[in-house]
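What follows is the residue order along each chain.
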Amino acid sequence: MTEWWRGAVLYQIYPRSFRDANGDGVGDLAGIAETLDYVAALGVDGIWLSPFYPSPMKDFGYDIADYCDVDPLFGTLEDFDRLMARAHALGLKVIVDQVYSHTSDRHPWFAESRASRDNGKADWYVWADPKPDGTPPNNWLSVFGGVAWAWEPRRRQYHLHNFLAEQPDLNLHNPAVQDAILEVARFWLDLGVDGFRLDAANFYMHDRGLRDNPPSGATDAIKPYDFQRHLHNATQPDNLAFIARLRGVMDRYPDIMTVAEVAADDPIPRVAEYTDGADRFHTAYSFVLLGDRFGAGFIRRTMEEMAERAPAAWPSWAFSNHDVMRVASRWGGQRPSASFVKLLIAVLVSLRGTIFLYQGEELGLPQADVPYDRLRDPEGIAFWPDCKGRDGCRTPIPWVGDAPGAGFSSDAAAAEPWLPVDPAHRPLAVDRQESDPSSPLRFTRRLLAWRRRHPALSTGGMRFLDAPEPVLAFLREPVGGGAAILCVFNLGETAVDFESPLAGEPVAAEFDGLPGEITGGAVRLPGHGGVFARVS
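Residues numbered from 1 in each chain as written. Predicted model: local features only at pLDDT ≥ 70, side-chain atom pairs only at ≥ 80, totals over all residues. Heavy atoms only, no water.

This part is about the pairing of strand E8 (residues 257-261). Of all five residues making up E8, five are buried, and the element is well covered by its neighbours. Burial along E8 is two-sided: the residues Met257, Val259 and Glu261 and Thr258 and Ala260 are all buried. In this structure, strand E7 (residues 195-199) lies alongside E8, joined through four bridges in parallel fashion. The residue bridging Phe196 from the neighbouring strand is Thr258, located in E8. Following the chain from E7 across helix H6 (residues 239-250) to the adjacent parallel E8, one finds a crossover that is right-handed. Relative to strand E9 (residues 283-285), E8 runs parallel, the two being bridged by three bridges. If you follow Val259 over to E9, its bridge partner there is Thr283. (Buried < 20%, exposed > 50% of the residue type's maximum accessible area, 1.4 Å probe, protein only. Helix = DSSP H or I, 4+ residues; strand = E, 2+ residues; numbered from the N terminus. Pairing = 2+ DSSP bridges. Right-handed = clockwise from strand over helix to strand, strands pointing away.)

Right under this line is the structure:
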């Protein structure tokens, strides 16, 4: 088996917002297929598709009503087959989202389970009796607000939902549920997918004793969920045994990878735990670099802690995805400069691990401003205005700056896109950037093409060099020896000089896409500048 995923760059596609082929205002599988040439031209190794399964769309596909089909909104299984065939013809791997911690309340499994306490699927979900006063069995809270329990009058019990009430948690302590989920995995593997992104992978199991969660110590959280430490509603030791079963299924198929989403109170130790071993996930990512914290020292500490916790494990890193504010705005403010956008892409693809680019990141899209009356995300609606939810990172990709809907639909008479196009995105549309040699899009293509020529940047080791804020400096050293790549970045806006401790060793500039220069060991960096240099 090959380990193609080590050091790969994967491009996340959120189907609702990538490309609309049938003019209904919602992206679809056919739209993705017709734009895969664009994705392949970026120089990425594969795509990750967010959910496209049948769903009532309470959480926009992460509430699955049928694990083994395609929602008509997105097309058909035949459309998926055509998309996958086209991707493979272009040399792109295809990773699909799998959501095993919960289903939709419209799933047939839940319809049967909720009907009574003595049916064949009665214990396929997490059910609990109320306290004597009728209140929920414990203090667990939902990510989306309120208690994590919903009352079911037919059973006179509560069901657990770590997310929306319409997303009941599966009881993966039950071997029959595990068996059913493993059959789902086999279904997609037999269709020829190249791997899975595992949603909420540390939420598969709950504490059987239903113990209360302790307080987190937070005093000013926007969401009630953040007032607790989530010791008992997720991240249970039994989870590792199920992960081993899942990995056993995966290992029967050649060249497959798993990447897990791990959202935990102690993210780096949990990522290490979930990836350190042949019976764990191939790789995983946390939300450490998807939050507000930013800086050279912070990035260095994150990388070093991961390497220290699990030196044999292989991490994954992302700066943006469909759940968080776009990084251009999160770290760059309301009007991020093109130079800052390019710097972030350069830093991301230089890190040791598997890299995930989110659609539009290569365009430098800022977070869209979606007015309250156009919000679709239940999180944004619930916590407005202090938390505006996830719609701002999910608006349609702008393909043609001057076209209706920014060219999101290939049908000139298309319906209005499901989320509005932010006017600030039109000047950053694909057609505008295609014709601008200095654009973030053209930069990303050049950088990824150059990266492919240097194994040190994909599978090599990583050694940090001491540098003052805001300078981030490290060596990527190829396995087995050979020329290393020196990476030095100025994360600040003011020019800095940096004297490399490698002074005296032969160096040569390797990539001229970032502003910055190196002479011997002397590195001169303007604001948001960077240097890639070969060290013999």
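Let's shift gears to the packing of helix H5 (residues 175-191) against H6. Where H5 contacts H6, the axes come no closer than 10 Å and their chain directions differ by 30 degrees. Compared by their axis directions, H5 and H6 come out roughly parallel. Once H5 is placed against H6, the crossing between them reads as right-handed. Contact with H5, carried on its side by Pro175, Gln178, Asp179, Ile181, Leu182, Ala185, Arg186 and Leu189, involves Phe242, Arg245, Leu246, Val249 and Met250 of H6 and no other residues of that element. By residue class, the composition of the contact of H5 with H6 is nine nonpolar, one polar and three charged. (Axes fitted to C-alpha atoms, helices over the stretch in contact; angles between N-to-C directions. Parallel < 35°, antiparallel > 145°, perpendicular 65-115°, else oblique. Left-handed = near helix turned anticlockwise from the far one by under 90°. Contact = heavy atoms within 4.5 Å. Nonpolar A, V, L, I, M, F, W, Y, C, P; charged D, E, K, R; others polar.)

Cis geometry is adopted by the peptide bond preceding Pro385, which originates at Trp384 and carries an omega value of 0 degrees. Residue position: Pro385 is located in the loop between helix H11 (378-383) and helix H12 (430-434). Residues Glu469 and Pro470 are joined by a peptide bond in cis, for which omega reads 5 degrees. One non-glycine residue, Met57, adopts positive backbone phi at about 65 degrees. Relative to the helices and strands, Met57 is located in the loop between strand E2 (46-49) and helix H3 (77-89). Overall, Met57 belongs to the buried group, its relative accessible area being 14%. Despite not being glycine, Leu210 shows a phi value in the positive range, around 55 degrees.

Read from one edge of the open sheet, three strands run E4-E6-E5, paired in antiparallel fashion. Two strands in the sheet have a free side with no partner beyond their single neighbour: strand E4 (127-128) and strand E5 (149-152). Pairing of E4 with strand E6 (residues 157-160), which is carried by two bridges, proceeds in the antiparallel orientation. Paired with Trp127 across the strands is His159, a residue of E6.

For the rest of this paragraph, the subject is the pattern of salt bridges. As enumerated under the stated definition, the model contains 36 salt bridges in all. A salt bridge links Asp251 to Arg247; its shortest N-O distance comes to 2.9 Å. Classification of Asp251 by relative accessible area gives partly exposed; the value is 33%. A relative accessible area of 14% means that Arg247 is categorised as buried. Note that Asp466 is salt-bridged to Arg300, the shortest N-O span being 3.0 Å. (Salt bridge = Lys/Arg side-chain N within 4 Å of Asp/Glu carboxyl O.)

Glancing now at the pairing of E2. Side chains Gly46 and Trp48 project from E2 onto one buried face, and the interleaved Ile47 and Leu49 project onto a second face that is buried too. Sheet analysis places strand E1 (residues 9-13) next to E2, joined by four bridges and oriented parallel. Bridge pairing in E2 links Leu10 to Gly46. Judged from the four bridges that link them, E2 and strand E3 (residues 93-99) form a sheet pairing that is parallel. Bridge assignment links Gly46 to a residue of E3, and that residue is Lys93. Handedness of the crossover joining E2 and E3 through H3: right-handed.

What follows covers the state of the cysteines. Tallied over the full model, the rule gives zero disulfides. Distance from the sulfur of Cys387, which forms no disulfide, to the nearest cysteine sulfur (Cys393) is 11 Å. (Disulfide = S-S within 2.5 Å.)

Summed over all chains, the structure comprises 36 aromatic pairs. With a centroid separation of 4.5 Å and 25 degrees between ring planes, the pair formed by Phe294 and Trp331 is classed as stacked. Here Trp331 lies in the loop between helix H9 (327-330) and helix H10 (338-350) and Phe294 lies in the loop between E9 and helix H8 (296-309), a separation of 37 residues in the sequence. Since its relative accessible area comes to 28%, Phe294 is described here as partly exposed. Seen in terms of ring centroids, Phe464 and Phe474 are 5.5 Å apart; in terms of plane orientation they differ by 65 degrees. Their pairing is edge-to-face. You can see Phe464 sitting in strand E12 (residues 461-464) and its partner Phe474 sitting in strand E13 (residues 471-477), a full 10 residues away along the chain. Phe474 matches Phe464 in its accessibility class, with the two residues each being buried. Among the aromatic residues, those joined into a cluster by ring pairs are Phe443, Trp450, Phe464, Phe474, Phe489, Phe511 and Phe532. We note Arg16 situated over the ring of Trp418; from NZ or CZ to the ring centre the distance is 4.2 Å. (Phe/Tyr/Trp six-rings, centres within 6.5 Å; stacked < 30°, edge-to-face > 60°. Lys NZ or Arg CZ within 6 Å of the ring centre and 35° of its normal.)

Moving on, we get to H8. End to end, H8 covers 20 Å across 14 residues, agreeing with the expected 20 Å (1.5 Å per residue, within 8%). Of the surrounding secondary structure, the elements contacted by the buried residues of H8 are helix H7 (267-275), strand E10 (316-318), H10, E12 and E13. (Expected span 1.5 Å × (residues − 1).)

Here the focus is the sheet that holds E7. An order of E9-E8-E7-E3-E2-E1-E11-E10 is seen for the eight strands of this open sheet, with the pairing classed as parallel. Either end of the sheet is taken by a strand with one partner, and the two such strands are E9 and E10. On average, adjacent strands in this sheet sit at an angle of 25 degrees to one another, irrespective of strand direction. Packing of H10 onto the sheet brings it into contact with E10 and strand E11 (354-358), and relative to E11 it is tilted by some 150 degrees.

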